[in-house]
Every structure is written in C-alpha cells, then in structure tokens.
Amino acid sequence: MEHSFAPHSHGFNPLVGTASWSDKTLLDCGKFYPPTAKTPEARLRFYASQFNLVEVDTSYYAIPTVTTAQHWAERTPPGFVFNVKAFSLFTGQWTSTDVLPKDIKEALGPGRRMVYKDMAAEFREELWKRFVACLVPLQVNGKLGLVHFQFSPKVVRHPAAMAHIEHCVQHLPGHTLSIEFRHPSWWENDAVTADTLGLLKSLGLVHTIVDGPQGSPHSVPAIWETTHPDHALLRLHGRNEVAYGMPAKSAAERFDYAYTSVELQALAHRYSPIARSVRYTHTVFNNCMEDKSQLNAREFLAELKAS
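Residues numbered from 1 in each chain as written. Predicted model: local features only at pLDDT ≥ 70, side-chain atom pairs only at ≥ 80, totals over all residues. Heavy atoms only, no water.

**Some thoughts on the pairing of strand β9 (residues 231–236)**
In step 1: With six of six residues buried, β9 is to be regarded as a mostly interior element.
In step 2: Burial of the side chains of β9 extends over both faces: His231, Leu233 and Arg235 are buried on one face and Ala232, Leu234 and Leu236 on the other.
In step 3: As paired strands, strand β8 (residues 206–211) and β9 are joined by four bridges and run parallel to one another. Across the sheet, aspartate 211 pairs through a bridge with leucine 236, a residue of β9.
In step 4: Where β9 meets strand β10 (residues 280–285), six bridges bridge the pair, whose relative direction is parallel. For histidine 231, the partnering residue across the bridge sits in β10 and is tyrosine 280. (Buried < 20%, exposed > 50% of the residue type's maximum accessible area, 1.4 Å probe, protein only. Helix = DSSP H or I, 4+ residues; strand = E, 2+ residues; numbered from the N terminus. Pairing = 2+ DSSP bridges.)

So, in structure tokens, the structure goes:
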C-alpha cells in the first residue's frame, strides 16, 4: 500500500528518532524536555519539534486505545512519522493477561502468563482487531510508518516461526511490517543469512539492521542489507556488552550507552548507500538511558545528511 507520508522534495530527508518519548529516565533527568513540557501532550509536541520519527514502545506492552492514537496524530505536525511496535503476544513473548483489554482479561482470568499458541483463536483474533484499530488514526493522517515486530530471543529459525510471520502479515493487510530477529540462528552463516533475507523479501517485509552489543548468546550481527524497495530500517541498541548479558531492571539499564562521534560517523557512512537507495530511511535509537538516544539521534542525522 502506498504511504501518504513522503520525504520532502528537497532531496534526502531521512527519518531519525528514538524508541519512545516518555521513558522514565528521560523524564527524570530533565535534560531533554523544557520545564514547561509537563503534560504528555506538551512533551510529544516538543519531541516532534526536534525529530521527524518516533517509535511507539508502549504498544509492545499493551495495545493502545484508538483515542490515544488519535491524540498522537493530533499532537504532531504534518510529515511526522510513528513506527509502532507490535504487541508482545504477537512476537513470541510470554504475556500477562493483566495487560490485555479489560473484557479479554476477565474472560481469560487475571494473573495468567500466556504465549500466542496457547491462547484460544477467538481471543487472538480479537486482539489483532484491536491492534489494527489503534493503527487507523495514524494511518488516515499519513503518520504511520512501519509496524515493527521485535521477536523474542526464543524465536529460533524454524518452519513454525516462518509460518507465524506469514500469519502476522495476513493479519495486517495494507501495512508495512519490519522484522527484527533476536536469535542468532537466523544469521548463523552466509547461506542461512541469504535464506532469511530471501524470506523477508518474498513476504514484502523490511529487514532491520541491528547495531547492538556483541558477545552475548542473544547477540545478532549487523546485516547491512535492505529487503524492501521503499524502506530501510536501522535500530541502534547501544554497545553495552556487560549490561546486555545480565538480567537488567529496565530497558534503560540494559541499553545504557552513549555512542561516540567516531562511532556515529562510521555508522552513518555505512548506512548512507542503503539509506539513499530507498524512499524512506528509518533510524531508531534505542539506547534509552536519560537523553543519550536523543543526543545520538541528533548527531547521527547530521552525519547521515553529510555522508
């Protein structure tokens, strides 16, 4: 489906932003938002004055209401883009029934942990409907970018996983999905990597180039390729190898890392040929401790435009 958002006609206009605009450590540090930005509305308006892209992180933890998504659309300027993370249940993650919409939570019973395959089809279908509904206000306002599936590290390369990806595609007609694998089996050698990229290409999916910590069982390599004619996506998780391999209290702790200018320059140089080969270039900084991702995103954008 053709997106109604478009890069400005004045040449290269990459979409660069951060994963979430309301992370607790970002709000608490007081370094990014002006003192006047005290409400969710004021914060989003300010964020959208600084960046042209944000990744909605809250949708991974619970499906947003249509009203919430409508507010997001109203509080951002034309040309602003939201990439929306898919709900955790759809990505192979154990999910508590407590985060489900009230009626479904009550039907299934509170306090239960479930995976997708263990949930009755009628409830799964209803959750897909509600997730699709929350995308509509962004879509009709031309502000929806990618629907991002960050699969659980438990999702290994297997025919069942590939079938589930097709199942996800079927439930999101008219949307562009980006896929991020977090189990190294998808990239274990050149032949497997070619197969994985081929699968994504054949399903019309956007491969996620991941820059992240190395040296952990969940580490995946950066595969500098694109599988979609219109979109490229780079997600940067920082390079904090120690925190990544240990149980962390929060995402901010796990991804606590500030890229250096040298690292950002090298990344921009590497990404530039891919970024300039597609219509929409997405870059999301997920090193979400305090304002590190915002500072890095600003600097990266300048480097990418210059490269």
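The discussion continues.
**Comments concerning the sheet that holds β10**
In step 1: Within the closed barrel, the eight strands sit side by side as β1-β2-β3-β6-β7-β8-β9-β10. Their pairing is parallel. Within the sheet, the average angular offset between the axes of one strand and its neighbour, ignoring direction, is 25°. (Axes fitted to C-alpha atoms, helices over the stretch in contact; angles between N-to-C directions.)

**Some remarks on the pattern of salt bridges**
In step 1: According to the stated counting rule, one finds 15 salt bridges in the structure shown.
In step 2: Glutamate 106 is the partner of lysine 102 in a salt bridge, and the nearest nitrogen-oxygen pair spans 3.3 Å. In this pair, lysine 102 and glutamate 106 both sit in helix α5 (residues 102–108), four residues apart, roughly one turn of the helix.
In step 3: Put simply, aspartate 256 and lysine 292 hold a salt bridge, and the shortest N to O gap is 2.5 Å. Residue aspartate 256 is located in the loop between α10 (251–254) and α11 (261–275), and its partner lysine 292 is located in helix α12 (residues 292–306); the two are separated by 36 residues in the primary sequence.
In step 4: On the basis of relative accessibility, which here comes to 25%, the residue aspartate 256 falls in the partly exposed class.
In step 5: In the salt-bridge network here, residues are joined through shared partners; they are Glu41, Arg45 and Arg75. (Salt bridge = Lys/Arg side-chain N within 4 Å of Asp/Glu carboxyl O.)

**Quick word on the packing of aromatic side chains**
In step 1: Taken as a whole and assessed by the stated rule, the structure comprises 24 aromatic pairs.
In step 2: Ring geometry for tryptophan 21 versus phenylalanine 82: centroids 6.2 Å apart, planes at 70°, classification edge-to-face. Within this pair, whereas tryptophan 21 is found in the loop between β1 (15–19) and α1 (24–29), its partner phenylalanine 82 is found in strand β3 (residues 81–85), the two being separated by 61 residues in sequence.
In step 3: Judged by its relative accessible area of 0%, phenylalanine 82 falls in the buried class. (Phe/Tyr/Trp six-rings, centres within 6.5 Å; stacked < 30°, edge-to-face > 60°.)

**Digging into the side chain of threonine 227**
In step 1: Here threonine 227 lies in the loop between β8 and β9.
In step 2: At 2.6 Å, the side chain of threonine 227 forms a polar contact with the backbone oxygen of leucine 205.
In step 3: Among the polar contacts listed, one links the side chain of threonine 227 to the backbone nitrogen of histidine 207, at a separation of 2.9 Å. (Polar contact = N/O pair within 3.5 Å; in protein donor to acceptor, adjacent residues only side chain to side chain.)

**With respect to the pairing of β3**
In step 1: Across the five residues of β3, five count as buried, placing the element largely inside the fold.
In step 2: Both faces of β3 are covered, namely the face carrying Val81, Asn83 and Lys85 and the face carrying Phe82 and Val84.
In step 3: Sheet topology places strand β2 (residues 53–56) next to β3; four bridges connect them, and they run parallel. From the neighbouring strand, leucine 53 faces β3, where its bridge partner is valine 81.

**What about the nonpolar core?**
In step 1: Ranked by internal contacts, the top residues of the largest apolar core, which has 75 residues, are Trp21, Phe82, Phe131, Phe149, Tyr271 and Phe300.
In step 2: When residues in this core are grouped by element, the largest group, seven residues, is from helix α6 (residues 121–140).
In step 3: In this structure, tryptophan 21 is in contact with Leu26, Leu27, Tyr33, Leu44, Tyr47, Val54, Val56, Trp72 and Phe82, ignoring residues within four places of it in sequence. (Core = buried A, V, L, I, M, F, W, Y, C linked by side-chain atoms within 4.5 Å. Contact = heavy atoms within 4.5 Å.)

**Considerations on the confidence of the model for the protein chain**
In step 1: Looking at the protein chain as a whole, its pLDDT mean stands at 93, while 96% of the residues score no less than 70.
In step 2: A low-confidence stretch, residues 1–10 stays under pLDDT 50, and its non-local contacts, those more than four residues away or across chains, total 22 contacts. (pLDDT = per-residue confidence, 0-100.)

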